[in-house]
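Tertiary structure, described
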Amino acid sequence: MSQKISRRDFLKLATAGAATTAVLTGCGPASRYVTRQPYTKMPEYTYNGLSTYYATTCRECAAGCGLIVRTMQGRAIKVEGNPANPINLGKTCARGQATLHGLYNPDRVEFPVKQARGAALATTAMTWDETFQIVSDALSKTNASEVAFLLGTASDHLFDLVTDLTKAVGAPAPIRFGALSMFESRATLSKAVENLLGEAGLPFFDLAGADLVVSFGSNFLETWLSPVAYTRGFSKMRRGNTQKRGYFIQFESQMSQTAAKADEWIPLLPGTEGLVALALGRLVAEAKGGAAPRAFASVNIEEVSAKSGVSLEQLEHIAGLIAQAQTPLAIPGGQALGQSNGLSTAEAVLAFNALVDNYGKPGGVLMSPLSPNEDAYHRPASAKEMADFIATMKSGGVKTLFIHGVNPLFELPKSLGFVEAFASVPTVISFATFPDETALASDYIFPDHQGLEAWGYQRSATGAMQSVLSGAQPVVSPMHDTRSTADVLIEAARLAGGKFAEALPFTDEVAFIRSKIANLIGRADGSFVAPEINTFASYFQQNGGWWSAAGDSGSLSPAGALGKSIAIEEAEFAGDGEFFFVPFVSPTLGEAGANKPWLQELPDPMTTVMWNSWVAINPETAHHLGVENDDVVKIISEAGEVEVAVYEYPAIHPEVVAMPFGQGHTAYGRFATSKLPQDRFMDLVPYGGLIGDATKRGANPADVLGAHFNKAGDLAFAGMKVKIEKTGRKQYLSRLESRIGVYGEGFPEEK
Amino acid sequence: MTATSKYLSGAHEAHDSHHEEDPKQYLMYDPKPRGEMNAMVMESMHTTSWKFWVVLGVLAFLVVTCFFFAWGYMIDEGLYVGGVMRPAYWGVFLVNTVFWIGISHAGTFISAILRVFKAEFRRPFTRAAELMTTFGLIQAGASIFMHMGRVWLSYWMFPIPNARQLWPNFHSPLMWDLLAISTYVLGSTMYLFLPLIPDLAMARDRSTGWRKTFYKILALGFRGTEGEWRHLTVAMNFFAFAIIPVMFSVHTIVSWDFAMAMRPGWSSSVFGPYFVLGALHSGMGAVAMVLFVMRATMKHMDYFIRKEHFDALGKLMLMVTFAYTYFFFNDYIVQWYGGDKATDNLLHWLEEGPMAWMFIQFVFFNIVIPPLLLWSKKVRETPWLLALIGLMINVGMYWERYLIIPVMLTINRMPFTWKLFQPRIEVFLTIGTFSMFLLFYMIVSRLIPLIPVWEVQEGQMTHSLRKVGKAKLPTISEFE
Amino acid sequence: MTVDLNLVGAKGAIAEAAQGKWGMTIDQDICTGCQACVAACAMENNLAFVGEEDAGYGRTQHWIRIERFWDGEYPHVQATPFQPMLCQQCGHAPCEPVCPVFATPHSPAEDLNLQVYNRCVGTRYCANNCPYQVRSFNWRDYHTVPELGNMVNGTLVFPLHNQLNPDVTVRRRGVMEKCTFCIQRIHKAQDKAKSEGREVEDGEFTTACAQACPASAITFGRVDHPESLVSQLAHQERGVKHLEELNTLPRVTYLKEG
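**Quick word on the overall build of chain B**
- Assigned secondary structure in chain B consists of 18 helices and 2 strands.
- Along the longest, intermediate and shortest principal axes, the C-alpha atoms of chain B span 80 × 55 × 45 Å.
- A burial count over chain B gives 48% of its 480 residues as buried.

**Some remarks on the overall build of chain A**
- Helix and strand counts for chain A come out as 26 helices and 26 strands.
- Counting over 751 residues, chain A shows a buried share of 64%.
- Taking as baseline every contact in chain A between residues at least 6 positions apart, the subset at least 24 positions apart corresponds to 75%.

**Things to note about the sheet that holds strand S12 (residues 252-255) of chain C**
Residues and elements named next belong to chain C.
- Taken in spatial order, the 4 strands make up an open sheet running S10-S1-S12-S11, and their pairing is mixed. Of all strands in the sheet, those with a lone pairing partner are strand S10 (218-222) and strand S11 (239-240), marking the two edges.
- Where S11 meets S12, 2 bridges bridge the pair, whose relative direction is antiparallel. Bridge pairing links Gly239 to Leu255 in S12.

**Describing the interface of chain A and chain C**
- Counting residues at the interface gives 66 residues for chain A and 52 residues for chain C.
- For the side of chain A that touches chain C, the secondary structure elements donating two or more residues are helix H1 (7-23), strand S3 (75-81), helix H2 (94-97), helix H3 (99-103), helix H8 (227-239), helix H9 (257-260), helix H24 (597-601) and strand S26 (734-735) of chain A.
- In terms of residue class, the side of chain A that touches chain C is built from 37 nonpolar, 15 polar and 14 charged.

**Here we look at the interface of chain B and chain C**
- In this assembly, 35 residues from chain B lie in contact with 33 residues from chain C.
- Residue contributions to the side of chain B that touches chain C peak at 4 residues, all from helix H6 (residues 173-193) of chain B.
- Grouping the amino acids of the side of chain B that touches chain C by side-chain chemistry returns 21 nonpolar, 8 polar and 6 charged.

**Description of the nonpolar core**
- Of all hydrophobic cores here, the largest spans 467 residues; its most connected members are Leu280(A), Ala351(A), Val615(A), Val657(A) and Val287(B).
- Considering every element that reaches this core, the biggest residue donor is helix H10 (residues 271-297) of chain B, with 16 residues.
- Taken domain by domain, the makeup of this core includes at least three residues from each of domain 1 (182-367) and domain 2 (579-743) of chain A.
- Ignoring any residue separated from it by four or fewer positions in sequence, one finds Val657(A) in contact with Phe579(A), Phe581(A), Val615(A), Ala616(A), Ile617(A), Val722(A) and Ile724(A).

**Structural notes on unusual backbone geometry**
- A cis amide bond links Ala154(A) with the next residue in sequence, Ser155(A), at an omega value of 10 degrees.
- If you trace the backbone, Ser155(A) turns up in the loop between strand S5 (147-151) and helix H5 (156-169).
- Notably, Leu249(C) is not glycine yet its phi reads approximately 50 degrees, a positive angle.
- Topologically, Leu249(C) is positioned in the loop between S11 and S12.

**Some words on the sheet that holds strand S19 (residues 579-585) of chain A**
Residue and element names in this part refer to chain A.
- Read once around its circumference, the closed barrel built from 6 strands follows the order S19-S24-S21-S23-S22-S25, with strand pairing classed as mixed. For this sheet, the mean inter-axis angle between neighbouring strands, taken without regard to orientation, is 45 degrees.
- For strand S22 (residues 631-636) and strand S25 (residues 720-730), the ladder comprises 5 bridges, and the chain directions are antiparallel. Among the inter-strand pairings, Ile635 is bridged to a residue of S25, identified as Ile724.

**Some points on H5(A)**
Residues and elements named next belong to chain A.
- With 14 residues, H5 should cover 20 Å at 1.5 Å per step; its first-to-last C-alpha distance of 20 Å lies within 8% of that length.
- Listed as buried for H5 are Asp156, His157, Leu158, Phe159, Asp160, Leu161, Val162 and Leu165.
- Positive phi shows up at Gly170, right after H5, with a value of about 80 degrees.

**Focus on the packing of helix H4 (residues 92-116) of chain B against helix H5 (residues 126-147) of chain B**
Residues and elements named next belong to chain B.
- Where H4 contacts H5, the axes come no closer than 7 Å and their chain directions differ by 160 degrees. What the angle tells us is that H4 and H5 run roughly antiparallel. In this structure, H4 crosses over H5, and the sense of that crossing is left-handed.
- Of the residues belonging to the contact of H4 with H5, the class tally is 14 nonpolar, 12 polar and 1 charged.

**Overview of the packing of H4(B) against helix H17 (residues 425-445) of chain B**
Residue and element names in this part refer to chain B.
- At a closest axis distance of 10 Å, the pairing of H4 and H17 adopts a crossing angle of 20 degrees. When the axis of H4 is compared with that of H17, the two are roughly parallel. Crossing handedness for the pair H4 and H17: right-handed. On the side of H4, the interface is formed by Val92, Phe93 and Asn96, while H17 contributes Glu426, Thr430 and Thr433.
- The residue makeup of the contact of H4 with H17, split by class, is 2 nonpolar, 3 polar and 1 charged.

**Here's the deal with the domain arrangement of chain A**
Residues and elements named next belong to chain A.
- Each assigned domain of chain A is listed here: domain 1 (182-367) and domain 2 (579-743).
- Taken residue by residue, the interface counts 28 residues in domain 1 and 27 residues in domain 2.
- Elements represented by at least two residues in the side of domain 1 that touches domain 2 include exactly helix H6 (179-184), helix H7 (186-197), H9 and helix H14 (342-355).
- By residue number, the principal contributor to the side of domain 1 that touches domain 2 is H7, which donates 3 residues.
- Classifying every residue of the side of domain 1 that touches domain 2 gives 11 nonpolar, 15 polar and 2 charged.

**Quick look at H5(B)**
- Taking 1.5 Å of rise per residue, the 22 residues of H5(B) would be expected to cover 32 Å, and the 31 Å separating its terminal C-alpha atoms lies within 8% of that figure.
- Of all 22 residues in H5(B), 18 are buried, a share of seventy percent or more.

**Let's talk about the pairing of strand S2 (residues 64-67) of chain C**
Residue and element names in this part refer to chain C.
- Residues Ile64 and Ile66 of S2 are buried on one face, and the alternating residues Arg65 and Glu67, pointing to the opposite face, are buried as well.
- Where S2 meets strand S5 (residues 83-86), 4 bridges bridge the pair, whose relative direction is antiparallel. The partner of Ile66 across the bridge, within S5, is Pro84.

**Thoughts on the environment of Ile144(B)**
Residue and element names in this part refer to chain B.
- Assignment of secondary structure puts Ile144 in helix H5.
- Looking at Ile144, the number of C-beta atoms within 10 Å reads 23, which means it is buried.
- Separated by 34 residues in the primary sequence, Ile144 and Leu178 have C-alpha atoms spaced 9.3 Å apart.

**Focus: the confidence of the model for chain B**
All names here are of chain B.
- Averaged over all residues, the pLDDT of chain B is 87; the fraction at 70 or higher stands at 94%.
- Summarising per-element confidence for chain B, the mean pLDDT is lowest in helix H1 (residues 2-16) (42) and highest in helix H16 (residues 383-410) (94).
- Contacts for the low-pLDDT stretch residues 1-18, under 50 throughout, to residues beyond four places or in other chains number 13 contacts.
- Taken over the whole predicted complex, pTM reads 0.90, whereas the ipTM for its chain interfaces reads 0.92.

**Remarks on the environment of Ala351(A)**
All names here are of chain A.
- Among the structural elements, Ala351 can be located in helix H14.
- Judged by local crowding, Ala351 falls into the buried class, with 29 C-beta atoms found within 10 Å.
- The sequence separation of Ala351 and Glu725 amounts to 374 residues, and the corresponding C-alpha distance is 41 Å.
- Not counting chain neighbours up to four residues away, the residues in contact with Ala351 comprise Leu196, Gly281, Ala295, Ala561, Leu562 and Ile566.

**Structural notes on the confidence of the model for chain A**
Residues and elements named next belong to chain A.
- Mean pLDDT over chain A works out to 87, with 90% of the residues at or above the 70 mark.
- Low confidence marks residues 7-36, where pLDDT is under 50. Its contacts with residues over four positions away, or in another chain, come to 48 contacts.
- Low pLDDT, under 50, characterises residues 677-694; the predicted model gives this stretch 36 contacts beyond four residues in sequence or across chains.

Basis of the calculations
- Per chain, residue numbering runs from 1 following the sequence as it is written.
- Starting at A for chains and at 1 for ligands, labels are handed out in the order in which the entities are written.
- Local features in this predicted model are restricted to residues of pLDDT 70 or higher, and side-chain atom pairs are both shown and tallied only at a pLDDT of 80 or more, whereas totals for entire chains, interfaces and linings draw on every residue.
- In DSSP terms, a helix is any run of H or I states spanning at least four residues, a strand is any run of E spanning at least two, and both are numbered starting from the N terminus.
- Whether a residue is buried, exposed or partly exposed follows from its count of other C-beta atoms within 10 Å of its own C-beta, namely 20 or more, 12 or fewer, or something in between, respectively; the C-beta atoms are built from the backbone.
- Here the contact rule is simple: place C-beta atoms from the backbone, and any two residues whose C-beta atoms are within 7 Å are in contact.
- Strands pair, by our definition, only if DSSP identifies at least two bridges between them.
- Think of it as three bins: nonpolar holds Ala, Val, Leu, Ile, Met, Phe, Trp, Tyr, Cys and Pro, charged holds Asp, Glu, Lys and Arg, and polar takes everything else, Gly as well.
- Definition of nonpolar core: a set of buried Ala, Val, Leu, Ile, Met, Phe, Trp, Tyr and Cys residues joined via C-beta atoms within 7 Å.
- Residue ranges for the domains originate in an automatic or database domain assignment.
- Each axis is a line fitted through C-alpha atoms, and for a helix only the stretch in contact is used; angles between axes span 0 to 180 degrees, taken between their N-to-C directions.
- Here, expected helix span is obtained from the residue count minus one, scaled by 1.5 Å.
- The labels follow the angle: roughly parallel below 35 degrees, roughly antiparallel above 145, roughly perpendicular from 65 to 115, and oblique for the rest.
- Note on convention: the crossing is left-handed when the near helix lies turned anticlockwise from the far helix by less than a right angle, right-handed when the turn is clockwise.
- Residue-level confidence of the predictor, termed pLDDT, takes values from 0 up to 100.

Rendered as structure tokens:
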């Protein structure tokens, strides 16, 4: 963090302070469970016309942003950022704002059901007592090694609880997964750090202090790791320093939303990002005078230029900019890591940072601190680990599978064979809040609360140089007859008795959470101090978590990084198509936003498409293919095919096609799946008549991804080559932008 | 059509013969006894055929479905069933409004101005034209209300005293519009009614049964005494003079709805006269069509409506076309010359965008073709051809309004929002308003004399053929 | 500033009072186009979503939209800086005089353009006359159409209505709406300050969009207080106002790149 406090920062802090004093409201220890009452019987602390604010944690992704939810008369009205939380400092992204549409979604699993696999959501409710028995039996009557837990990346308290349980009974540790973590290539980042620094962890790129940022495919302004924190960093980089405006260069084969903010967007062929990093390293080292370190010495610049398509002049120009910069910073990410050579690309970029010597310094690469109650960095499973798990499932190694907070049927590439493996598991118990694909394919759904109805905590993996544990508390009483999964497991363990009951000796979830935060009592370096657990837990709720007061950048010694030779192997592309296929996570929908109508209605920042998927194709390429806007094309890879409408995107490499991830659900509620039935009466002159598959909204790029991994085990999601075929059909994409005004359609050439 | 072909052959004969022009071809010099003429008009009102009832039925059906049902549906569902959106917040309803007000113009123009200037050819068709004013205004008014998002609260636009002292905003051009149109409706209805009184009295004296009661009420006890005539004449003169400025102001004010707005293409100081001329242009065309239909379908009408009337109307149309052309070029060329970026975009959009076909048709139908045809007396005296030109002008003028409203609205100063309007339920409602207009005409054609008999008779009394030597000379005596 | 802007002849007075009261700056250099402001606005102000067809046809109810154009040809193509476009709360607003029923008057107290929903009769003249095209019309009762997702298990319920902000009217069909600068928040802050016997402080509250903006690109406050953050930002060299040549006196200042 910067040493000086600017006027602007002071004002922000003042605002934050003012807001926090207003916010000190939390469910007191006595009111663990609030029942939903009619307006006539409101909880006594609720006053007509006065709002109550609760601090909690966002669960739309794993970043762990603190929220303050405004409630009124027992209803959650508005999500606001928690100004005190170091991760987001009072800010939220669009997905965080729309979490209310998850809470009040018309399509939720409203009560526990026994589900016929693959059928529509069952409509007869079970009693929770029955479900406890079922879970208890599933836990205790299955061989411990054949029980598996598949968890999402939020929330961490459940992960801790399940870890404790599985440890105690000798079951395999829970596996965590999420589409975002798959597209973020967390394993690659962590492995590259380990290779270079000798210690695994998640690096934190301190954009705020940098004056020049070179990003290799990283989409840090969209969904990457901790987008709100990185956006703040970007904003500070650009405008934080009144003397100098930060400069931003992005190497990426298509212009993502992040690249759109770059001062220079430089398109290159996918898979050559690492080479460019090495070449820049060599040029920068030479420009600064002196020989290039070993890591960069062997690279042939002309060859890099030829392979990547970045001209020599451009490379030299950028190297010159970097050489002049005071605190340059390079970030790897996104599609650069989702390649077969993603690990070496990450290493090359991290080595580049070592070259410009910014490790451990403001504006450089820092190591994200561990959360207060974390022993080591636990990253979510890589795609390779998921593939191993799928193999175990297939071989009959899993008899009972518990799933919570993740939708692998939708998120994992079909080619990994999760669907078949899933079918071979005898008992699947889902704790899904929403009737998503995986939940509907399970035997039971014992719905968990939505994030705003639930207790918990989330460890912030990265985003601030403070050690952060964000706390979650219910801001409203549950809408439906749902139960916290942690409570279900605790109750089931009690019923099962023996080592199960011993593993989870808690009266309820809240007691468990208290046991996990108890180690922070008395720590003086935190956001608050409390002498005993009741007070501490109240403060924890009221503040929305606990975080260390000051940042600790640690001492990082990447000295070895430069001495090691880095070889960037040729990126391999699966399939014999002519186009590189680049999927990316929709910046507005994220991994699980498709069922929230207002997220659907948000235009994609770059294409302004709403409510649907598209494939971005360079207009030149589209012309050669004989397709135009809104033509439905079939994208065929070795792993499968998908049909999607064309968007002629002017800022994409002609050999690359890009497609957003997030749509194409076959379940997950009305907003995610079917076209909303529109009133067709008198529709004499149809406008943008929606033609296409009426049962599906958009398309899922995971359907065409093959099972290829990089060396760190992350999915080489951008390592596919695809063919494109015309279908002759049209699907009019709903765009916010005007095609007349923005693209000059139907307009004379003169501009 | 039989009447037409007969007339056509007659016209040929007239030209082929070396004979001096027969004064008898003019209605004024071809008098009939009053009784006979009254009987002819009465008969034309009584005569219906099965065709009449079939057309009436179809129109009534269209009015019920396309007007009342569709409108009700739209009120119930909201305006989304229409095609209006951002940026074309105004659509076909206001196109219809401006169009119908334009149509309504010709009625008063022909009737009042020509009455004031004592143009004799007006006499047989003032009534038909005045009816057009009234019926056109009804459709225009209905279209305004269709356009409103919450039509059930439209009374808020009227200055009705209320407890909260909320008044309408007299800064708003829409308010001026509302006042101008309601004044025009009142004035033109009075002006329609006054000359109708003697004819109603005539009809009252010649009918029985319910018709007698009907005419008795409407005729207000008119007996034709000299005092009554004097009062009536004074009132008619008064209204004829008063309605003229109202007529000009109405369309000028309608044009201000657009010209006062801060939009490229609209913000034009010449819009007032341009719209007035546009209204006359379409109105004259509509009169031509009405006369043609009347003559072709109603009994005895070929006596009252002659080629001299078509000829005169054609000349009037030609003159209006030239005036209109002047304003057209004035509007577009001045806007083009201004060089404002947004206006420039707009003009390119009109000329080369997807609606360019409409622009080209509009220019050809309104500016290029009419003067090329109307200079010829032969064309002017051919009723069906004149009616066709009238139709063409009206299509062109409809396009003009369509271009000015939804198509021009596409282009604004925020290129991110440009979107092209597509009508949906508006198509039905437009059919509904047209059907209602025709339906009213058909019903009224059998209820009130479409020919102002007394005016024709008055004219024939002042016109006479005097024998001077062997020649018969047409003479006109001053009446007043 | 006690000019009744609804009076004839107020024009000159308005020009003198051009600075207005409440204002906003939007830093286009750091706006990342992330749509958080749009979502926050929707949640705060009970905006309706309209579904795929209507959205594509130009009937979105966004009070703030983010515009993006292209500059140049591949490979030297650049996206122009994201441009959030919302009601500019013009000091001399073209929308105001044209409403026949005073549904969009000027607030003398707050110097904002008000939209009085229950007075609006839906002539849509204001929207036509808005050079920024930031007004949205309720083409139907979007909040209560069954097709938009309120039918649960065959019965019509409105679970999403639980979220509606009670401080903001839910607009029915046939009325115009637009950004209000979160006037409900302004009033709340003023009421609070008044009850505590003080003035509203700069930064004490902000609009929903500014509050959410992860890049802090949006700043809201008193533009007539020279020491407020928003005034200082607005008077930077890179501040521009949109369509200033129309003399609309917009209260939103855009900070350009560079």
